[in-house]
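Here is what each chain is made of, one letter per residue.
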Amino acid sequence: SQQGEEDPQALSIQEGENATMNCSYKTSINNLQWYRQNSGRGLVHLILIRSNEREKHSGRLRVTLDTSKKSSSLLITASRAADTASYFCATDASGSARQLTFGSGTQLTVLP
Amino acid sequence: GAGVSQSPSNKVTEKGKDVELRCDPISGHTALYWYRQSLGQGLEFLIYFQGNSAPDKSGLPSDRFSAERTGGSVSTLTIQRTQQEDSAVYLCASSPLPTNTEAFFGQGTRLTVV
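A. How the structure looks around the environment of alanine 82 of chain A. With respect to the helices and strands, alanine 82 of chain A occurs in the loop between β8 (71-76) and β9 (85-93). Placed 30 residues apart in sequence, alanine 82 of chain A and proline 112 of chain A show a C-alpha to C-alpha distance of 9.4 Å.

B. Main features of the sheet that holds strand β1 (residues 5-7) of chain A. All names here are of chain A. Read from one edge of the open sheet, 5 strands run β1-β3-β8-β7-β6, paired in antiparallel fashion. Both outer strands of the open sheet, β1 and β6 (55-58), are each paired with one neighbouring strand and no more. Each strand axis lies, on average, 15° off the axis of its neighbour in the sheet, ignoring direction. In this structure, β6 lies alongside strand β7 (residues 61-66), joined through 4 bridges in antiparallel fashion. Across the sheet, the residue bridging to lysine 56 is valine 63, located in β7.

C. Representation of the layout of surface pockets in the model. One number sums up the size of the largest pocket: a volume of about 410 Å³. Around the largest pocket, the lining is made up of 22 residues, and of these Gln37, Ser38, Leu39, Gly40 and Gln41 of chain B lie nearest the centre. Listing elements by their share of the lining of the largest pocket, those giving two or more residues are β9 and β11 (106-111) of chain A together with β8 (88-95) and β10 (109-113) of chain B. The dominant element in the lining of the largest pocket, judged by the number of residues it contributes, is β10 of chain B, at 3 residues. Of the residues in the lining of the largest pocket, the class split is 5 nonpolar, 16 polar and 1 charged.

D. Here's a closer look at the side chain of glutamine 6 of chain B. Residues and elements named next belong to chain B. Here glutamine 6 lies in strand β1 (residues 5-7). For glutamine 6, a relative accessible area of 10% gives the class buried. Here the side chain of glutamine 6 touches tyrosine 90 through a polar contact of 2.9 Å, landing on its backbone oxygen. Engagement of the side chain of glutamine 6 in a polar contact is seen with the backbone nitrogen of glycine 108, the distance being 3.0 Å. Contacts of glutamine 6, omitting those with residues within four sequence positions, involve Arg22, Cys23, Trp34, Tyr90, Leu91, Cys92, Gly106, Gln107, Gly108 and Thr109.

Calculation rules
Residues numbered from 1 in each chain as written. Chains lettered and ligands numbered in written order. Predicted model: local features only at pLDDT ≥ 70, side-chain atom pairs only at ≥ 80, totals over all residues. Heavy atoms only, no water. Helix = DSSP H or I, 4+ residues; strand = E, 2+ residues; numbered from the N terminus. Pairing = 2+ DSSP bridges. Axes fitted to C-alpha atoms, helices over the stretch in contact; angles between N-to-C directions. 1 Å grid on protein atoms, 1.4 Å probe; cavity = no way out; pocket = protein on both sides within 12 Å on 5 of 7 lines; lining within 4 Å. Points joined across faces, edges and corners; volume = space filled by probe spheres on them. Nonpolar A, V, L, I, M, F, W, Y, C, P; charged D, E, K, R; others polar. Buried < 20%, exposed > 50% of the residue type's maximum accessible area, 1.4 Å probe, protein only. Polar contact = N/O pair within 3.5 Å; in protein donor to acceptor, adjacent residues only side chain to side chain. Contact = heavy atoms within 4.5 Å.

Everything listed here is a matter of geometry and, on its own, says nothing about what the molecule does.
Shown next as structure tokens:
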């Protein structure tokens, strides 16, 4: 089963609007990462937030992490048509098994 | 090369045949992952290699699946007696450290079993 679950599964917005995607997970984590995937091929890393951080920014991206609720959100501000892609969260779980577990993803469509 | 390289990009095989998928990680990366992604779905973890440690094979769906990593570098994922449900994109990623760092993905191998 997936460690992370994104919601919504699909999101459609107009160019210039903000897009917010959420991720929930089940176990304790070392860090949480967000990735982007175009056209069902390789994923590209966007941002990493550590378990002791609450918020992180990178350009138009803002990520928050609430470890008490086991949830994270990714905000893309001033969206562009080129932001259209699938977005996945991935958790690096605490413990000795250092593997990234991915959620099911949010398909974002930004309409020009 | 500069990134993670996977070959072949696409593979069509007949049901019952064996296939080998190859992954060349970024030089110096000690961690290597294999994932499988069915159409429109998330990534399903298959196997994880970290340095000289025993690999985490907990995600392999059946004993038809196996993987090895030679010399801590190139990895091959082998699927024996392929079935139609094995059709998916197989993604490889490498990471310079075992934790707290990003994974770099290859472009994947699209496997179609007919």
